[in-house]
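Now for the letters of each chain:
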Amino acid sequence: MQLESKIPAGPLTQKWTKYRGDQKLVNPANKRKYTLICVGTGLAGSAASASLAELGYNVKTFCIQDSPRRAHSIAAQGGINAAKNYPNDGDSIWRLFYDTIKGGDFRAREGNVYRLAEVSADIIDQGVAQGIPFARDYGGLLANRSFGGAQVSRTFYARGQTGQQLLLGAYSSLSRQIATGKVKMYPRREMMDLVIVNGKARGIIVRNLITGEYESHAGDAVLLCTGGYGNVFYLSTNAESCNVGAAVKCWRKGALMANPCFTQIHPTCIPNSGDFQAKLTLMSESLRNDGRVWVPKKKGDTRRPNDIPESERWYYLEEKYPSFGNLVPRDVASRNAKYVCDAGHGVGPTGYAVYLDFSQAIQRDGKDVVQRKYGNLFDMYLNIVDDNPYETPMMIYPASHYAMGGLWVDYELQTTIPGLFALGECNFSDHGANRLGASALMQGLADGYFVIPYTIAPYLASIYGEAGSVTEDHPAFKETTKQVDALFKKLTSINGTRTPDSIHRELGKVMVDEVGMSRNEAGLKKAIDKIRELREEFWKNLRVPGSLNDYNKNVEKAHRVADYLEFAETLAIDALERAESCGCHLREESQSEEGEALRKDDKYCYVAAWEYKGFNQKPELHKEPLVFENVQLTQRSYK
Amino acid sequence: MSNWLTNAFSTSIGKKLLMAFTGLCFIGFLAVHLIGNLTIYGGKELFLSYVEHLHALGALVTVAEFGLVFLALVHIVMGLTLFLQNLKARPVRYEVKKAAGGRTIGSSTMPYTGILILLFIIFHLVKFRFVDKTPVDVNDFTILAATFSQIGWVLFYIVAVIIVAIHVSHGLWSGFQTLGLSHSKYMPFIMALSVVFAIIVGIGFGFIPIYASIIA
Amino acid sequence: MSDTINITLKVWRQKGPGDKGHFETIPVKDVVTHMSFLEMLDTVNEQLALEGKDAIAFDNDCREGICGMCGCLVNGIAHGPMKAMTLCQLHMRKFSNGDTIAVEPWRARAFKVVKDLAVDRSALDKIIQAGGYISANTGGAPDANGLPIPMEIAEKAMDAAACIGCGACVAACPNASAMLFTSAKVSQLALLPQGRPEAAKRAINMMRTHDACGFGNCSNERECEAVCPKEIKITNIARLNREYIKASIGSDVM
């Protein structure tokens, strides 16, 4: 299979302009003849649904929650980057582009990333026009802050609820289109399969999560905006309903899964406190600006932190990275936390946590100053852990947070299945091997508001004669529904002894231990074996009580876990194949003499896109070489 | 015809605006009524001269009375409509429900105190307004004295006045809130005023039957 | 560190909107006090699953207090006894050994019970669809700094915009009114200059939709404010009232 990225020719700064100038358009009067299906209502899905409906297309939008306003984009705290250069501190489209592609460790396409930086400023304009109450200075102009170690202040924010406000902005535009009737909204639906007719994506089968009914929906193109797969690690900062199901279903139908091993692990999450734990809560990384990370020097030390004298504390980040200290990048901080815990220095009820100590900051600046900066985070910690961070050190541990990998798409955000597009976190396109802070919101909205309205047009123009030709009566819908129904019947008829959650939890443990922040060949091979065993266990010993025709959480979880069990293996295979340290991940065999991550551009400067080959079959690798004409590939150093 | 005026007052807020406006009018009336009645503490002569002055206004009193009846009708009809709608808005009640800290005695009893006040006003009017005042030895003071020489009526009036005070303790600030007259600077004052006014109404009116029973 | 308690759960079970529903009493042993309330329900469901019984249906998603999907009455109070907190953030350490905990769904004519503790809150979406937006098509927006907005105004708008649409205000309101929810959105957009062009139409249409959905009337009981996990203030309701008066008496909008 030849992967055609469709990056327009010409100089980098002109590609998007040229693309827009050259693309085919759909006549305004003809737009109403098309029906577009949009799955998911996060930033990408809501923005795309609203924008496409505004253009005149008919849109059918689906979401898994009870309202489109609840998608997990809502939980993003920090902010959104935009190359506005309002603070006059030297930012530019080029700099945002360069920071993003460098931050991604040179594993993303230049053309895509440059386009992202180009449209970033428009997102802020759009948000303000929608009434998003971004933070402002006394003069009434927008405030900016520096985020995630960036050297310019380009991050716009709305308190600690930027994701919420951006999502509600997109939701309001979506609501307006629902009111006009251009968007038909279907909440509490989960996508169960993609329907392909004559090689083109023509519709979807969804399950009504209240009645259990399967519903067929036909359209002229399908937009997948279903987010990331962070929950493959079971414990993650993702929401309960975040799942990889929709993407996996498209993958089984022929779309490629690209770079699945690129996942982001966030260093400052509240640690796991027991087997009952359902999710991990993220705290802003800014905590590391003032907190000092340490563990007891003695292994298995069970004393209370305040009883451990200064001489017996190991400030491992400050020791290993004297110049960056506690402010090393996310991946370095995460990885080292894992090392010290694996070595037995970890603290807390599970032994998988490290201290983040504010006592020095409190002594130096006073409690008031610390409270002003981190008060809300300290309160949140106190409520969850029941321990006062003003008096005893906080405990933190890394957790899966974001998925850079996803469905392979070209410059037009189209997958290898014609008519199937993937937007936002669900695609692989813009963040390479690592995502910069405050860039997830940017990409989701860029795709939805400013990219897809242009890039979907050539495809729609090319199928003009067929617009609306496939309806729900087409036999492909019946056939696919039958397959979905068979899957559910199978899931509920195993009648074993294990709940979906218990298997998912076990899978998560394998993934965190062997396919997480630090990987090696032996561990990955072990993980692949274990995943296969778990999959076997799942299909032999699953128990799903309750009815299929009902609101049934067990049924929902069961098929999601089934998808994770297949996807996880590909994630591990991808990690095994990529024998370099890159972005978020350290491949232990690929380190510099000082023990730092070593990228291997000669061997792995490509996108790994995996083709599904059947249940229990190894997926096939397709490589899209990455070409860098405008930036020089450099190695990071934080010593 | 879909008239802008009926449209404006047919919504939830519209009806409440009518409630608030008429309610605040009654609070004004209560204040005037109280000031007038306080003349009782000056003795029979002062009280009767107040009554005389009031009746000297002639047609104006009648206009005011019809005005009050109209306000009362609006307040009652709107109040009952809102009350019934509110009951309908939660057809299945909670099995276990606790107040979370917002409600007060006044706020949680508004419809009930309202209905009781209506009954009281009927008694009150029958007792003091629609009574034959033509005989020479009957005047407003003798009616007052005769009524409050009976301990039952004294108690009845005290209870009624307390109910009015409770109603007003919520009604006053609530009226301002509904009319949108809320500002972080002066809302605390209005909330405090509600309570103070309720106490003044309670004590001011409440002691009249007691005082009257003493001087009767 | 990990203490455990035994509790008795009195949880509302209802098959669907047509069913009458009842409390089911479930003794729950060895509840780790570090669990969140929803994690406690998870463990109960896990146990029910192993016994082959139907899981307790309850809505939840982000479990960090921002998506607004979770919520039920815990011992008679929406989102439970803690102030400014969603149900997912409530922890079991706030309960004592031997406690009986009653859990009920939001109840209102506009919120039909879907199953057990899950309710249909689509009426809130309908209110937003009636005008809880600024009509700004993608693409035509002027520069974001073209319109300075005083910081205090932006902050007030943000206070109102913090609403997560959980419906606790409706659940707690003795009249099942959604005025706090409606007023939060009307306020946010009325405060900002971008929202002024449509302010009159918005206030009237959102209010009419509010009524049509079957919500009750606000009687300023302030229970909504007391349970709101995002501490949205009733000053927003006063602002909605003002906007409504301006719109119906002082504007050309019918």
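The shown structure was predicted, so the numbers you read here are calculated from the model rather than taken from an experiment.

## A few points about the overall build of chain A
Line of reasoning, step 1. Secondary structure assignment for chain A yields 18 helices and 21 strands.
Line of reasoning, step 2. By the compact-globule yardstick of 26 Å for 639 residues, chain A fits well, its C-alpha radius of gyration being 24 Å.
Line of reasoning, step 3. When the backbone C-alpha atoms are referred to their principal axes, chain A occupies close to 75 × 65 × 50 Å.
Line of reasoning, step 4. Buried positions account for 59% of the 639 residues belonging to chain A.

## Re the nonpolar core
Line of reasoning, step 1. Counting residues in hydrophobic clusters, the biggest one holds 305 residues, and the most contacted among them are Leu223(A), Leu224(A), Val354(A), Leu407(A), Cys169(C) and Val170(C).
Line of reasoning, step 2. No other element matches helix α17 (residues 553-577) of chain A, which puts 12 residues into this core.
Line of reasoning, step 3. Every residue in contact with Val354(A), bar those within four places of it in the chain, is listed here: Val293(A), Val295(A), Ala337(A), Val340(A), Cys341(A), Gly346(A), Val347(A), Ile396(A) and Tyr397(A).
Line of reasoning, step 4. Counting residues in hydrophobic clusters, the runner-up holds 24 residues, among them Ile166(B), Trp173(B), Ala198(B) and Phe205(B).

## A short note on the interface of chain C and chain B
Line of reasoning, step 1. Facing 44 residues of chain C, the contacting portion of chain B comprises 38 residues.
Line of reasoning, step 2. For the side of chain C that touches chain B, the secondary structure elements donating two or more residues are β4 (77-78), β5 (100-104), α6 (199-212), α7 (223-227) and α8 (235-250) of chain C.
Line of reasoning, step 3. Examining the composition of the side of chain C that touches chain B, we find that 10 residues originate from one element, α8(C), more than from any other.
Line of reasoning, step 4. Classifying every residue of the side of chain C that touches chain B by side-chain character gives 20 nonpolar, 13 polar and 11 charged.

## As for the interface of chain C and chain A
Line of reasoning, step 1. Residue-level contacts link 67 residues of chain C with 63 residues of chain A.
Line of reasoning, step 2. No other element matches the eight residues that helix α1 (residues 37-50) of chain C contributes to the side of chain C that touches chain A.
Line of reasoning, step 3. Considering only residue class, the side of chain C that touches chain A consists of 33 nonpolar, 20 polar and 14 charged.

## Quick notes on the environment of Glu536(A)
Residues and elements named next belong to chain A.
Line of reasoning, step 1. Topologically, Glu536 is positioned in helix α16 (residues 521-541).
Line of reasoning, step 2. Among the residues examined, Glu536 registers 12 C-beta atoms within 10 Å and is labelled exposed.
Line of reasoning, step 3. Separated by 29 residues in sequence, Glu536 and Leu565 have C-alpha atoms that sit 9.6 Å apart.

## What to know about the arrangement of the chains
Line of reasoning, step 1. Highest in contacts among the two pairs of chains that touch are chains A and C.
Line of reasoning, step 2. One finds no contact between chain A and chain B; the C-alpha atoms of the two approach each other to within 20 Å at their closest.

## Topic: the sheet that holds strand β11 (residues 263-269) of chain A
For sheets, the rule is that strands pair by backbone hydrogen bonds, running either parallel or antiparallel.
Residues and elements named next belong to chain A.
Line of reasoning, step 1. The strand order β11-β15-β14-β12-β13 describes an open sheet built from five strands, whose pairing is antiparallel. Looking at strand neighbours, the two that pair on one side only are β11 and β13 (313-314), the edges of this open sheet.
Line of reasoning, step 2. Pairing of strand β12 (residues 292-296) with β13 involves two bridges; the strand directions are antiparallel. From the neighbouring strand, Pro296 faces β13, where its bridge partner is Arg313.
Line of reasoning, step 3. Relative to the sheet, helix α9 (residues 330-342) contacts β11, β12, β14 (354-357) and β15 (394-403), its axis offset from that of β11 by approximately 70°.

## Some details on the domain arrangement of chain A
Residue and element names in this part refer to chain A.
Line of reasoning, step 1. The assigned domain composition of chain A is domain 1 (12-262 + 402-466) and domain 2 (283-398).
Line of reasoning, step 2. Computed over C-alpha atoms only, the centres of domain 1 and domain 2 are separated by 35 Å.
Line of reasoning, step 3. The interface is formed by seven residues belonging to domain 1 together with six residues belonging to domain 2.
Line of reasoning, step 4. Classifying every residue of the side of domain 1 that touches domain 2 by side-chain character gives no nonpolar, seven polar and no charged.

## As for α8(C)
Line of reasoning, step 1. Taking 1.5 Å as the rise per residue, α8(C) with 16 residues should run 22 Å; its terminal C-alpha atoms sit 21 Å apart, in good agreement.
Line of reasoning, step 2. For α8(C), the set of buried residues is Asn236(C), Ile237(C), Ala238(C), Arg239(C), Leu240(C), Asn241(C), Glu243(C), Tyr244(C), Ala247(C) and Ser248(C).
Line of reasoning, step 3. Against α1 (4-10), α2 (12-37) and α8 (151-178) of chain B together with α3 (151-161), α5 (179-191) and α6 of chain C lie the buried residues of α8(C).

## Topic: the sheet that holds strand β17 (residues 420-422) of chain A
Residues and elements named next belong to chain A.
Line of reasoning, step 1. The parallel open sheet is built from five strands, whose spatial order is β5-β2-β1-β9-β17. For this open sheet the edge positions go to β5 (183-186) and β17, each flanked by a neighbour on one side alone. In this sheet, adjacent strand axes meet at a mean angle of 20° when their direction is disregarded.

## Quick word on the packing of helix α3 (residues 43-55) of chain A against helix α6 (residues 162-180) of chain A
Residues and elements named next belong to chain A.
Line of reasoning, step 1. Here α3 crosses α6 at 35°, and the two axes come no closer than 8 Å. Of the two possible hands of crossing, α3 and α6 adopt the one that is left-handed. Across the interface between the two elements, Leu43, Ser46, Ala47, Ser49, Ala50, Ala53 and Glu54 of α3 pack against Leu166, Leu167, Ala170, Tyr171, Ser173, Leu174 and Gln177 of α6.
Line of reasoning, step 2. Considered class by class, the residues forming the contact of α3 with α6 number nine nonpolar, four polar and one charged.

## A closer look at helix α15 (residues 500-515) of chain A
Line of reasoning, step 1. Here α15(A) contains 16 residues, and its C-alpha end-to-end distance of 21 Å stays within 8% of the 22 Å for a straight helix at 1.5 Å per residue.
Line of reasoning, step 2. Residues Pro500(A), Asp501(A), Ile503(A), His504(A), Leu507(A), Val510(A), Met511(A), Val512(A), Glu514(A) and Val515(A) constitute the buried set of α15(A).
Line of reasoning, step 3. Contacts made by the buried residues of α15(A) are with β18 (518-519), α16 and α17 of chain A together with α1 of chain C.

## A closer look at the pairing of strand β7 (residues 200-208) of chain A
Residue and element names in this part refer to chain A.
Line of reasoning, step 1. Where burial is concerned, most of β7 is hidden: seven out of the nine residues are buried.
Line of reasoning, step 2. Of the strand pairs in this sheet, strand β6 (residues 189-197) and β7 are connected by eight bridges, and their pairing is antiparallel. When the bridges of β7 are listed, Ile196 appears paired with Ala201.
Line of reasoning, step 3. Between β6 and β7, which follow one another and run antiparallel, lie two residues, and Asn198 among them has a positive phi close to 50°.
Line of reasoning, step 4. Looking at chain direction, β7 and strand β8 (residues 214-218) are connected through five bridges and run antiparallel. Across the sheet, residue Ile204 finds its bridge partner in β8, namely His217.
Line of reasoning, step 5. The hairpin turn running from β7 into β8, its antiparallel successor, is five residues long, and Gly212 in that turn takes a positive phi close to 75°.

The rules behind each value
Residues numbered from 1 in each chain as written. Chains lettered and ligands numbered in written order. Predicted model: local features only at pLDDT ≥ 70, side-chain atom pairs only at ≥ 80, totals over all residues. Helix = DSSP H or I, 4+ residues; strand = E, 2+ residues; numbered from the N terminus. Rg over C-alpha atoms; globule rule 2.2 N^0.38 Å. Buried ≥ 20, exposed ≤ 12 C-beta atoms within 10 Å, placed from the backbone. Core = buried A, V, L, I, M, F, W, Y, C linked by C-beta atoms within 7 Å. Contact = placed C-beta atoms within 7 Å. Nonpolar A, V, L, I, M, F, W, Y, C, P; charged D, E, K, R; others polar. Pairing = 2+ DSSP bridges. Axes fitted to C-alpha atoms, helices over the stretch in contact; angles between N-to-C directions. Domains from an automatic or database assignment. Expected span 1.5 Å × (residues − 1). Left-handed = near helix turned anticlockwise from the far one by under 90°.

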